[in-house]
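# Structural features, examined
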Amino acid sequence: ENDVWLANARHANAMAQRLYRGLQGLQASGGVQVLHAPQANGVFAQLPAPAIQALFARGWKFYEFIAGGGCRFMCAWDTTPESVDALLADVHAVLAD
């Protein structure tokens, strides 16, 4: 009703774009490689194994889809800009360690 599903999908996709742009910004410092631009609400990136483990230790939940560092980050209708920014800050921090 009232296209709520569409608004929720647009929001999830916008959060994925925010995450994508943030991860792209971290590529220059090394350690992260964004695999391709998101077409919906998922972002695919390659991260070093120690960074993945450090993110899990910090409580982040995401999927490893390829052995050797492939990660799938999913955004949802309730993903906030603040949570995307917090994840990006943690990715930056664990890559710096």
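See the structure above.
Being a predicted model, the structure only gives us computed values, none of them experimental. (Residues numbered from 1 in each chain as written. Predicted model: local features only at pLDDT ≥ 70, side-chain atom pairs only at ≥ 80, totals over all residues. Heavy atoms only, no water.)

Moving on, we come to the overall build of the protein. When you go through the protein residue by residue, the secondary structure sums to three helices and four strands. Ordered by position from the N terminus, the helices and strands of the protein form the series α-β-β-α-β-β-α. Reported as C-alpha extents along the three principal axes, the dimensions of the protein are approximately 45 × 25 × 20 Å. Across the 97 residues that make up the protein, the buried fraction comes to 31%. In the protein, of all internal contacts separated by at least 6 residues, the share reaching a separation of at least 24 is 56%. When the accessible surface of the protein is totalled, it reaches about 5700 Å², and 54% of it is carbon and sulfur. (Helix = DSSP H or I, 4+ residues; strand = E, 2+ residues; numbered from the N terminus. Buried < 20%, exposed > 50% of the residue type's maximum accessible area, 1.4 Å probe, protein only. Contact = heavy atoms within 4.5 Å. Areas by Shrake-Rupley, 256 points an atom, 1.4 Å probe, with all protein chains shown as cover.)

Attention shifts here to the side chain of D90. Here D90 lies in helix 3 (residues 81-96). Assessed through its relative accessible area of 17%, D90 is described here as buried. D90 has contacts with L55, R58 and W60, leaving out every residue within four places of it along the chain.

Attention now goes to a nonpolar patch on the surface. A grouping of L35, F65 and I66 is seen on the molecular surface, where their side chains present a nonpolar patch of about 230 Å² in accessible area. With respect to the secondary-structure elements, I66 resides in strand 3 (residues 63-66). (Patch = residues over 30% accessible without salt bridge, like charges linked within 9 Å, V, L, I, M, F, W, Y side chains within 5 Å. Salt bridge = Lys/Arg side-chain N within 4 Å of Asp/Glu carboxyl O.)

Per the counting criterion, the structure on display carries two salt bridges. We note a salt bridge from D85 to R18, for which the minimum N-O separation is 2.9 Å. Linking D85 in helix 3 with R18 in helix 1 (residues 4-27), this pair joins segments that are 67 residues apart in sequence. With a relative accessible area of 34%, D85 lands in the partly exposed category. For R18, a relative accessible area of 29% gives the class partly exposed. Between D90 and R58 there is a salt bridge whose closest N-O contact spans 2.8 Å.

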